[in-house]
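# Commentary on secondary and tertiary structure
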Amino acid sequence: MVWAVKLFVDSIVEDTVRILLTYNGEDRKSVNTDIKNLKKILDEEQIVVGRSYLIQFKEKADFEALKSGKIKEHFKEAHEKGKITVKDTTNQELAKIKSLQKRLRLRR
Amino acid sequence: MRELKFHFLDVGHGDTTIIEIPMGEEDKIFGVVDCIKFEEKVKKYLKDLGAEKLAFVVATHPHDDHIDGIVSLLEAYDGKVGEFWDSGYLYGSPTYMGLLSYLDKHDEITVELIDSGNIVRFGKTRLTVLAPPDRLLMDSNEQNNINNASIVILVEYGESKILLSGDAQFGSWAHMRINHPEMLKAHVLKVSHHGSKHGNFLEALEFVSPIKAVISAGSANPELFPHKYALETLREVQKKYKSAEILNTADVGDIVISCKGSWRFTVKTAS
């Protein structure tokens, strides 16, 4: 069984990042976290606004932790051991938005 | 002239603004600029105003603290929303995706892609879009500077001028300063980006030179809006006015500013 959360980087002001978490397809939560903290799970050199990620968990407890907005200390290690996998889905999400925007534009 | 009213709602960190526009002798129409949450309070507020339909709804830019409540607002006004204004910024957030998907299923709402230079008139009220220009929108897409994709609107009613600046940052202000210098001056400024130092600096604020400045911020936001630098800059440019005010929803609750076509404005706050 694999549990998944979609993570979107919505805004960065100083060291504070607002992320949007979507789980079970629909339920969404806006969470503020520290930029250093977020790097533990995304393992990115630089956190960039507008990026989308699909995060999959092998451990339900880890999924539940992120679902409730907690980015745990051990996430980086779990990530390295393959217990958490992170996939950058930005291009897929933007393609969907582009298609919707085009349809709405053509409707005029 | 009859009263034009702006209702800047205290919604915590984020923006929800209602514009009440007089039409003819007795009628009025309503527009909503951004909506972070369509909670009970906002519903009741609109109901108490008598807003049975909305002429337009604006998403200044697709950040969550500006659009999270828009789908619920559109659902509540099912079939009673005239136009939806969007900047067309390419942004992959689930909230924006949800909003576009809703609009896709509701072709009774006219979706307008708005950019710099658009003018819309409602009776004697004129709304001029000062930003974003096409070029800035493309640059913003490339540089991930979503705030510079903010729709900035100058509302003019007789001699009254009110500037709604979204989350405009340096690039957006620079464009407006160069391309719309004659239109930047306003009596009331809805302060950019909740009073962030990234959206408010001396040259831009000197140009606008607002008598009343309105900030929509939450009392305990992690970004610590409004920033001290922005407040001090506002105070500096307002020194010349006797009736200068900086009003923050976090301090005074809902803010209602009304005018009758002159530079005189009436301010009412919840506290």
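You'll find the structure just up there.
Since the structure is predicted, the reported quantities are computational estimates derived from the model, not experimental observations.

What follows covers the sheet that holds strand β1 (residues 4-8) of chain B. Residue and element names in this part refer to chain B. A sheet is described by the order of its strands in space; here 8 strands give the open sequence β6-β5-β4-β3-β2-β1-β14-β15, paired in mixed fashion. This sheet does not close on itself; its edge strands, each paired only once, are β6 (110-113) and β15 (265-269). With strand direction ignored, the average angle separating the axes of adjacent strands in the sheet is 20°. Here 4 bridges tie strand β5 (residues 81-86) to β6, and the two strands are oriented parallel to one another. Looking at the pairing, Trp85 lines up with Glu112 of β6.

Let's shift gears to helix α2 (residues 60-67) of chain A. Residues and elements named next belong to chain A. Within α2, the full set of buried residues consists of Asp62, Phe63, Ala65 and Leu66. Each buried residue of α2 lies within a common arc of 160° when the element is viewed along its axis, so the set occupies one face. Tucked into the core, α2 has its buried residues touching β1 (3-13), β2 (16-23), α1 (35-42), β4 (52-57), α3 (75-80) and β5 (84-88).

Take the interface of chain B and chain A next. Each partner contributes to the interface: chain B provides 35 residues, whereas chain A provides 29 residues. Summing both partners gives a buried area of about 2,700 Å² for chain B against chain A, and 58% of it is carried by carbon and sulfur. Across the chain B-chain A interface, the total number found is 4 salt bridges. A salt bridge links Asp68 of chain B to Arg28 of chain A; its shortest N-O distance comes to 2.7 Å. Inspection of the chain B/chain A interface yields 15 residue pairs in polar contact (both at pLDDT 80 or more). Taken together, the elements giving at least two residues each to the side of chain B that touches chain A come down to α2 (64-67), α4 (94-105) and β6 of chain B. In terms of residue count, the dominant contributor to the side of chain B that touches chain A is α4 of chain B (8 residues). Considering only residue class, the side of chain B that touches chain A consists of 15 nonpolar, 12 polar and 8 charged.

Thresholds applied
- Residues numbered from 1 in each chain as written.
- Chains lettered and ligands numbered in written order.
- Predicted model: local features only at pLDDT ≥ 70, side-chain atom pairs only at ≥ 80, totals over all residues.
- Heavy atoms only, no water.
- Pairing = 2+ DSSP bridges.
- Helix = DSSP H or I, 4+ residues; strand = E, 2+ residues; numbered from the N terminus.
- Axes fitted to C-alpha atoms, helices over the stretch in contact; angles between N-to-C directions.
- Buried < 20%, exposed > 50% of the residue type's maximum accessible area, 1.4 Å probe, protein only.
- Arc of directions from axis to C-beta.
- Contact = heavy atoms within 4.5 Å.
- Buried area = accessible area lost by both parts, 1.4 Å probe.
- Salt bridge = Lys/Arg side-chain N within 4 Å of Asp/Glu carboxyl O.
- Polar contact = N/O pair within 3.5 Å; in protein donor to acceptor, adjacent residues only side chain to side chain.
- Nonpolar A, V, L, I, M, F, W, Y, C, P; charged D, E, K, R; others polar.

Shape is all these values report; function is a separate question.
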